[in-house]
Amino acid sequence: MLNTKDILETVHMIDAENLDIRTITMGISLLDCADSDIDISCRKVYDKVCRLAERLVPVGCEIEKTYGIPIINKRISVTPIALLTAVSGGNPVKYAQTLEKISQTVGVNFIGGYSALVHKGFSAGDRELIESIPEALACTSHVCSSVNIGSTKAGINMDAVGMMGKVVRRAAELTKDDNCIGAAKLVVFCNAPEDNPFMAGAFHGIGEPDCEINVGVSGPGVVRHALQKCPDGDLTEVADIIKKTAFKITRMGQLVGTAASEKLGVPFGIVDLSLAPTPAVGDSVAHILEEMGLEICGTHGTTAALALLNDAVKKGGVMASSHVGGLSGAFIPVSEDAGMIAAARSKDLSIEKLEAMTAVCSVGLDMIIIPGDTPASTISAIIADEAAIGMVNSKTTAVRVIPAIGKQPGEELEFGGLLGSGPIMKLHNDRSSEKFISRGGRIPAPMQALKN
Amino acid sequence: MKAVITVIGHDTVGILAKVSTRCAEYNANIIEVTQSVMEDLFAMVMLVDITKISCEFTDLQSALMDLGEQIGMKIHVMHEDIFNSMHHI
């Protein structure tokens, strides 16, 4: 029998603590759309995705109403477009324009998969796609791009890292009149998951089924609220509270994913057990860390607090779902988190501390605004550092930095919506990494790769 | 199929009557009602059978939410599965 206290707790979580399903993402394989003529290929992509995703948004809205739980985003991820470019040749931007048209036809918020996987090297289509990313992101508004440049098994492709520094800069330059938004839609990964429902890094891996539904949950506000009820408990109690809360949040994700999969007649993939913040007050991961007893996110102790949080979220969530995947863990996107924005503004949160935090959380240096005069080689070096953390620790890491082209220190970028806003963070721009990056080649896979 | 109706707000006369009248209009059968006062707020939870309702579930939801606005209460109508999945293993 249902308990009144439990019912009111759920209603309060949704009403006052920003509990929501962050995204239902439909993953669609485009392998059967490849054609040696790029225009035919684009048409097949459009037809297939529109056919499979036609009911995604209405079904999402119906589930939202039935269960009374907000589903913030309905999205699509597709096979890395570099694989199609390999077959069709031609200008890959045509695919980006096709994806943009699809997003408008089916009404999704974002469509991810303008991607290439080059962790060991480039194959046909990869270079062309990577070079086209800045233009593709400038001429579309719903398309997201990602490039995997390293893995624990393969090491780090430093030629690709070198390229990506330039691509990130160029993506920002081409969109400098629109808050450099191009770079905010581009993620550089190490150990990219193939079933990630979150943008901008979502793509549909080649080992995935033809079509599936993945769900990303959220709920930093709920975790913080639960911790507020235990102001003096020790950290074991704190971990237990987070686990119990994560369990409840994830169960909701499992329910929504199962319902969506049944209604759409598409297999259910995974729940991504994530604490994904938004810029809204009361929906911040930084504030959870502060609730644990840190004066401000970024001070000493932040890495330990985040490690506890990240681990407890996974432990609580894993039993609540039949299949867990994606990024799963706590996100720390600076411009998307009210507490992180405040800590970055007051300079209590530095890029060095964020880098340390990425060793223990689920993603990487995410949504960080950097000076507009940052050389491409420095961006590449940031990517290499972050990829090294992911490679050695057998975890996903990513870099999504936005060079604030034409802005002066002290100014801010305002992306609006879930992408938020934030101040420019300080880098070691006066000390070059140029020579290191220009060497190129591959950083060999670490001993951790040799598990067999 | 059952749904849970929650009514939260400041206590006034006739809340139960108004909500149950609206349920009856749509043929939603009330199975159980509990009321409590939490942090100065009146909270009523109703379990209703919606298998024989005379409209779509979403119409019942809209009708009750509109009623909530009229009487100054926050009314949610949610499928019972969300509570079962979140609070029962």
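Use the structure listed above.
Remember, it's a predicted structure, so these values are computed and weren't measured experimentally.

A. Expanded view of the interface of chain B and chain A. Counting residues at the interface gives 29 residues for chain B, matched by 24 residues for chain A. Around 2,400 Å² of area is buried between chain B and chain A when both sides are counted, 71% of it from carbon and sulfur atoms. Looking only at chain B, the three residues that lose the most surface to chain A are Ile82, Met86 and His87 of chain B, adding up to 26% of its buried area. There are zero salt bridges connecting chain B and chain A. Where chain B touches chain A, the interface holds eight residue pairs in polar contact (both at pLDDT 80 or more).

B. View of the nonpolar core. If you look at the biggest cluster of nonpolar residues, it comprises 149 residues, and the most contacted ones within it are Ile76, Ile149 and Leu309 of chain A. Considering every element that reaches this core, the biggest residue donor is helix α10 (residues 235-264) of chain A, with eleven residues. For Ile149 of chain A, the contacting residues outside a window of four places in its chain are Val118, His119, Gly155, Ile156, Asn157, Ala160, Val161, Met164, Val188, Phe189, Ile383 and Ala387 of chain A. In this structure, Val19, Ala28, Cys55 and Ile71 of chain B belong to the second largest nonpolar core, which totals 22 residues.

C. Layout of the sheet that holds strand β3 (residues 41-49) of chain B. All names here are of chain B. Pairing in this open sheet of four strands is antiparallel, and the strands run β2-β3-β1-β4 from one edge to the other. The sheet terminates laterally at β2 (29-38) and β4 (74-79), the two strands that pair on one side only. Going from strand to strand, the sheet's axes swing by 15° on average, the running direction of each strand aside. Sheet topology places strand β1 (residues 2-9) next to β4; six bridges connect them, and they run antiparallel. Note on β4: the bridge partner recorded for Val7 is Ile75.

D. Layout of the side chain of Thr85 of chain A. Relative to the assigned elements, Thr85 of chain A resides in helix α4 (residues 81-88). With near-sequence residues (within four places) excluded, Thr85 of chain A lies in contact with Gly90, Pro92, Tyr95, Gly125 and Leu129 of chain A.

E. Structural detail: the pairing of strand β2 (residues 71-78) of chain A. All names here are of chain A. Of all the eight residues making up β2, seven are buried; the element is thus mostly covered by neighbouring parts of the structure. The pairing of β2 with strand β3 (residues 110-117) spans three bridges and is classified as parallel. What sits directly across from Ser77, in β3, is Gly112.

F. Structural detail: the side chain of Lys185 of chain A. Residue and element names in this part refer to chain A. Mapping Lys185 onto the fold places it in the loop between α8 (181-184) and β6 (186-190). The buried charged residue Lys185 lacks any salt bridge, with Glu100 as its nearest oppositely charged partner at 6.5 Å. Polar contacts involving the side chain of Lys185 include one to the main-chain carbonyl oxygen of Leu137, which spans 3.0 Å. Sequence-distant contacts of Lys185, defined by excluding residues within four places in its chain, comprise Phe110, Leu137, Thr140, Ser141, Val143, Cys144, Ser145 and Ala200.

G. Region of the structure containing the packing of aromatic side chains. Residue and element names in this part refer to chain A. Taken as a whole, this structure holds one aromatic pair over all chains when the rule is applied. With a centroid separation of 4.8 Å and 80° between ring planes, the pair formed by Phe198 and Phe331 is classed as edge-to-face. You can see Phe198 sitting in the loop between β6 and β7 (211-217) and its partner Phe331 sitting in the loop between β10 (329-330) and α13 (338-345), a full 133 residues away along the chain. One cation-aromatic arrangement involves Lys101 over Tyr46; the distance from NZ or CZ to the ring centre is 4.6 Å. Sitting over the ring of Phe122, Arg127 keeps its end group 4.0 Å from the ring centre.

H. Spatial organisation of the state of the cysteines. All names here are of chain A. Under the defined criterion, the tally for this structure stands at zero disulfides over all chains. Take Cys139: it sits in no disulfide, and the sulfur closest to it among the cysteines is that of Cys42, at 12 Å. Note on Cys139: relative accessible area 38%, which makes it partly exposed. With no disulfide of its own, Cys211 has Cys33 as its nearest cysteine by sulfur position, at a separation of 12 Å.

I. Seen up close, unusual backbone geometry. All names here are of chain A. The omega torsion across Met199 and Ala200 is 10°, close enough to zero to call that bond cis. With respect to the helices and strands, the residue Ala200 is situated in the loop between β6 and β7. For Asn191, which is not glycine, the phi torsion reads 55° and is therefore positive.

J. A look at the pairing of strand β11 (residues 365-371) of chain A. Residue and element names in this part refer to chain A. Within β11, seven of the seven residues are buried, leaving the element largely enclosed by the surrounding structure. As judged from the six bridges shared by β11 and strand β12 (residues 397-404), these two strands associate in the parallel manner. Bridge pairing in β12 links Ile368 to Val401. On the question of chirality, the crossover connecting β11 to the parallel β12 by way of helix α15 (residues 376-392) is right-handed.

Cut-offs and rules
Residues numbered from 1 in each chain as written. Chains lettered and ligands numbered in written order. Predicted model: local features only at pLDDT ≥ 70, side-chain atom pairs only at ≥ 80, totals over all residues. Heavy atoms only, no water. Contact = heavy atoms within 4.5 Å. Buried area = accessible area lost by both parts, 1.4 Å probe. Salt bridge = Lys/Arg side-chain N within 4 Å of Asp/Glu carboxyl O. Polar contact = N/O pair within 3.5 Å; in protein donor to acceptor, adjacent residues only side chain to side chain. Core = buried A, V, L, I, M, F, W, Y, C linked by side-chain atoms within 4.5 Å. Buried < 20%, exposed > 50% of the residue type's maximum accessible area, 1.4 Å probe, protein only. Helix = DSSP H or I, 4+ residues; strand = E, 2+ residues; numbered from the N terminus. Pairing = 2+ DSSP bridges. Axes fitted to C-alpha atoms, helices over the stretch in contact; angles between N-to-C directions. Lys, Arg positive; Asp, Glu negative; His and termini not counted. Phe/Tyr/Trp six-rings, centres within 6.5 Å; stacked < 30°, edge-to-face > 60°. Lys NZ or Arg CZ within 6 Å of the ring centre and 35° of its normal. Disulfide = S-S within 2.5 Å. Right-handed = clockwise from strand over helix to strand, strands pointing away.

Remember, this is a structural readout, not a statement about activity or role.
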